[in-house]
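Chain by chain, the residues run as shown.
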Protein chains: 2
Amino acid sequence: MAAGPGGSKLADLLPVAEARARILADLTPVGVEVASLAQAAGRVLAAPALARLDQPPADLSAMDGWAVRAGEGAAERRDAGASAAGQPFAGTVGPGEAVRVFTGSVVPEGADAVLLQEDASPAGERVRFSAMPRPGQHIRRRGQDFRAGVVVLEPGLRLGARAIGLAAAANRAWLSVHRRPRVALLCTGDEIVLPGEDPPPGGIAGSNGPMLAALVAAAGGEPWLLPVVRDEAAAIAAAAREAAGADLLVTTGGVSVGDRDLVRAGLAEGGFALDFWRIAMRPGKPMLHGRIGALPVLGLPGNPVSAFVCAVLFLLPALRKLAGERTTEPAFATAKLGGALPANDHREDYLRARLDRDEAGETIALPFPRQDSAMLTTLAASDGLIQRPSQAGAAQIGDPVRVLRLDLPGW
Amino acid sequence: MAAGPGGSKLADLLPVAEARARILADLTPVGVEVASLAQAAGRVLAAPALARLDQPPADLSAMDGWAVRAGEGAAERRDAGASAAGQPFAGTVGPGEAVRVFTGSVVPEGADAVLLQEDASPAGERVRFSAMPRPGQHIRRRGQDFRAGVVVLEPGLRLGARAIGLAAAANRAWLSVHRRPRVALLCTGDEIVLPGEDPPPGGIAGSNGPMLAALVAAAGGEPWLLPVVRDEAAAIAAAAREAAGADLLVTTGGVSVGDRDLVRAGLAEGGFALDFWRIAMRPGKPMLHGRIGALPVLGLPGNPVSAFVCAVLFLLPALRKLAGERTTEPAFATAKLGGALPANDHREDYLRARLDRDEAGETIALPFPRQDSAMLTTLAASDGLIQRPSQAGAAQIGDPVRVLRLDLPGW
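Predicted, not measured: the structure shown is a model, and the values here were computed from it.

Right, let's talk about the overall build of chain A for a bit. Of the regular secondary structure elements, chain A holds eight helices and 26 strands. At 30 Å, chain A has a C-alpha radius of gyration far larger than the 22 Å of a compact globule built from 411 residues. Taken along the three principal axes of its C-alpha coordinates, chain A extends 90 × 50 × 45 Å. Burial statistics for chain A: of 411 residues in total, 53% are counted as buried.

Quick look at the structure:
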């Protein structure tokens, strides 16, 4: 169902969740490549990672001490040698014997417990003990962490440092990961120059391109920042052709009532098929979704605050889906409202807010009094966005609210 | 004050917060370089970023509509032209005149309000209006977001996408940032091979190096993974010399009671000065801090779980300090305990836990029943670490606890 371009009726405004579901349903994960552990960090695993060995590889001592036969109790024993990391004791611990062990060294055959070195008094060839051993004590059993052949990491996982460590421990130097989705960013506007250049009268330095490029890169995508394009359908059409080979084309600007036809007319030359172009949200009502052939297109509003809010609500989930990530939905937290809010209208609202803690450690979300969607300083100073559902009633201080945290690395 | 190496008395165990404070006090931020916006993303700003222009650059329309003189009320007006983005209306809006404006276009001289296009009916050269204008309505005032010359971003800020967008809007193409701190990673152990290689009998694939390298890179540092070094003082000494030029040397392994002398002996050949080597925490008691000349040294435990916990509690704060970041302390959240815990001893405890939400949206922290510090699978599956203070009493389900979230990008 394609929403009509001309209307302004409520029925044309798509709910946020439905818009996101339609965007995601239209996407399939990008292809797979083999990556070293260092390259794989931050990427999404594309195939199960199987352990290539048992971990621990043998029964290992969990402490520095002495490997003994537990059944012999606290009796004095003969020092029969040592089992060091990488140099296991070759023989068997016989009756009345103890073998020196260290954290991580193999517990030799015959022994079934480790006594702590602080409970041991070596004297010549003899060792006296002041504690009773329990069978299995201070021993890490072979395969206790994982067995060779088991799946230690599931596909769809975004690989952080701990997952990389686990893959390394499983003796895997290479992992199959999805390649980074290529996101072409096309910013339109006669009034826009690149930062550092001289804007025309009344013009501005374009912030959407660098901002979205940084966001895409931080989210594991490969941003592809196209030159700024004038408000002309032919120029937009030419730029859109340059995006061939991308996994997603993101435009900014040119989709509100006054100028929507520009971006759509430009995309139309490449055979653009519209899905929808308006969402029941604030900021960010005019947001375009469709395709040029196989290339999915997201058209974000030109206003930088609206563009950023739409990016975290729609572009990042799309990027996660393209990257093969299991979890695509934005993660909301709960907070207590720090300032009263009036009832909301039919548009789902995202209010910039500071997050703080009360004495009990609970998160307080304090909305900025001025929500003007042109204020980038307010966006940059925000710790989160308070979500106000469509038709929400007036809210009081202390009411629970859902918050999308913005104080994340890279955001 | 250097703690004695031989003792095992409680007094030798440094509290976590004190250990971190001593590590941080010993560090100064690394040098500064100039970076493009794309390079600057994820880095720490080293000098105030000043706006190079007013934003908005002039009084701009916040909507699509007509610029009018508010004092004339809802009267019909003459269509005097248009002010488009990048092509402002050249003249002045005279009495009885209206000028077509679009979101972001300059409100021409003479006009002091914008009437929405949905309230306007153009007919030939005339425009009728069905709404009353208020002075200032739908106008974004020049400099309302920021004025030329003001500081839009303060030094010490880790630059995310929103900050990059703000810098771009301020017309800054270059930012002064701290260079990435170089962190040399030296993993020791006769039993360790690089992932993919064949471990010796009872040996393992080393996970600390790849894990910490990924963590350092995700945190904005430049990891420098040295070859794995045998448990020999001379080999460790040679490797430590290779770390010359790093901003921080991190070792793993060789600092517990059984083998501490190895790393310390190796470092000593380069003139290592010890600050402390034991912390009152679990996991991770044996942790070394000191210097080789100007090079700060952190010696993490060899156990991967202990190494990771020490990395988030000490290495990442150190990295933030080196990178010039304003905020260095770990960020704790509050959660409700999901399972009872016994009283704690003198060591501050960090328990791996799953985080979930209850029906009210509050975070529940459910500690894993098995906290064996060798279990990397448990670490990888954890969403957070429950902090248990030294000598904390028994805790019941529902009690508030402090949690260090691990479910962060890159971790």
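Residues and elements named next belong to chain B. Ordered by their spatial adjacency, six strands build an open sheet running β7-β4-β6-β5-β9-β8, and the pairing between neighbours is mixed. If you trace the sheet from one side to the other, it starts and ends with β7 (113-116) and β8 (120-123), each paired once. Strand-to-strand, the axes of this sheet are offset by a mean angle of 40°, without reference to chain direction.

A few words now on the relation of the copies chain A and chain B. For these two chains of identical sequence, chain A goes onto chain B by a turn of 180° and a shift of 0.0 Å along the axis, with RMSD 0.1 Å. On this basis, the relationship between the two copies can be described by a two-fold rotation axis. No C-alpha of chain A approaches the rotation axis more nearly than that of Pro 409 of chain A, which lies at 3.5 Å.

Residues and elements named next belong to chain A. The sheet built from six strands is open, its strands ordered β7-β4-β6-β5-β9-β8 with mixed pairing. Every other strand in the sheet has two partners, leaving β7 (113-116) and β8 (120-123) as the edge strands with one partner each. Direction aside, neighbouring strands of the sheet carry axes that sit 40° apart on average. Bridging between strand β5 (residues 77-83) and strand β6 (residues 97-101) involves four bridges; their strand directions are parallel. When the bridges of β6 are listed, Ala 82 appears paired with Arg 100.

Right, let's talk about the environment of Arg 77 of chain A for a bit. Residue and element names in this part refer to chain A. Inspection of the secondary structure puts Arg 77 in strand β5. For Arg 77, a count of 24 C-beta atoms within 10 Å puts it in the buried group. For Arg 77 and Pro 95, which are 18 residues apart along the polypeptide, the C-alpha to C-alpha distance reads 8.6 Å.

On domain assignment, one finds that chain A holds domain 1 (10-31 + 179-322), domain 2 (33-53 + 146-178), domain 3 (60-140) and domain 4 (332-405). Taken over C-alpha atoms, the centre of domain 3 of chain A sits 60 Å from the centre of domain 4 of chain A.

Next up on the list: the pairing of strand β17 (residues 248-252) of chain B. All names here are of chain B. Of all the five residues making up β17, five are buried; the element is thus mostly covered by neighbouring parts of the structure. Neither face of β17 is left uncovered, since the one carrying Leu 248, Val 250 and Thr 252 and the one carrying Leu 249 and Thr 251 both have all their residues buried. Two strands pair when backbone bridges link them, and strand β13 (residues 182-187) and β17 are joined in this way by five bridges, in the parallel orientation. Its bridge partner being in β17, Cys 187 is matched across the sheet by Thr 252. Here β17 runs beside strand β21 (residues 295-300); their pairing, made up of four bridges, is parallel. If you follow Thr 252 over to β21, its bridge partner there is Leu 300.

Moving on to helix α3 (residues 161-169) of chain A. Residues and elements named next belong to chain A. Among the nine residues in α3, nine count as buried, and that is most of the element. Buried within α3 are the following residues: Ala 161, Arg 162, Ala 163, Ile 164, Gly 165, Leu 166, Ala 167, Ala 168 and Ala 169. Just downstream of α3, Asn 171 is the residue with a positive phi angle, here 70°.

With that settled, consider helix α4 (residues 208-218) of chain A. Burial runs high along α4 of chain A: 10 of the 11 residues are buried. Restricting attention to buried positions, one finds in α4 of chain A the residues Asn 208, Gly 209, Pro 210, Met 211, Leu 212, Ala 213, Ala 214, Leu 215, Val 216 and Ala 218 of chain A. For α4 of chain A, the secondary structure elements touched by its buried residues are β13 (182-187), β16 (222-225), β17 (248-252) and α7 (304-322) of chain A together with α2 (37-40) and α3 (161-169) of chain B.

What counts and what doesn't
- Residues numbered from 1 in each chain as written.
- Chains lettered and ligands numbered in written order.
- Predicted model: local features only at pLDDT ≥ 70, side-chain atom pairs only at ≥ 80, totals over all residues.
- Helix = DSSP H or I, 4+ residues; strand = E, 2+ residues; numbered from the N terminus.
- Rg over C-alpha atoms; globule rule 2.2 N^0.38 Å.
- Buried ≥ 20, exposed ≤ 12 C-beta atoms within 10 Å, placed from the backbone.
- Pairing = 2+ DSSP bridges.
- Axes fitted to C-alpha atoms, helices over the stretch in contact; angles between N-to-C directions.
- Least-squares fit on C-alpha atoms with pLDDT ≥ 70 in both.
- Domains from an automatic or database assignment.
- Contact = placed C-beta atoms within 7 Å.

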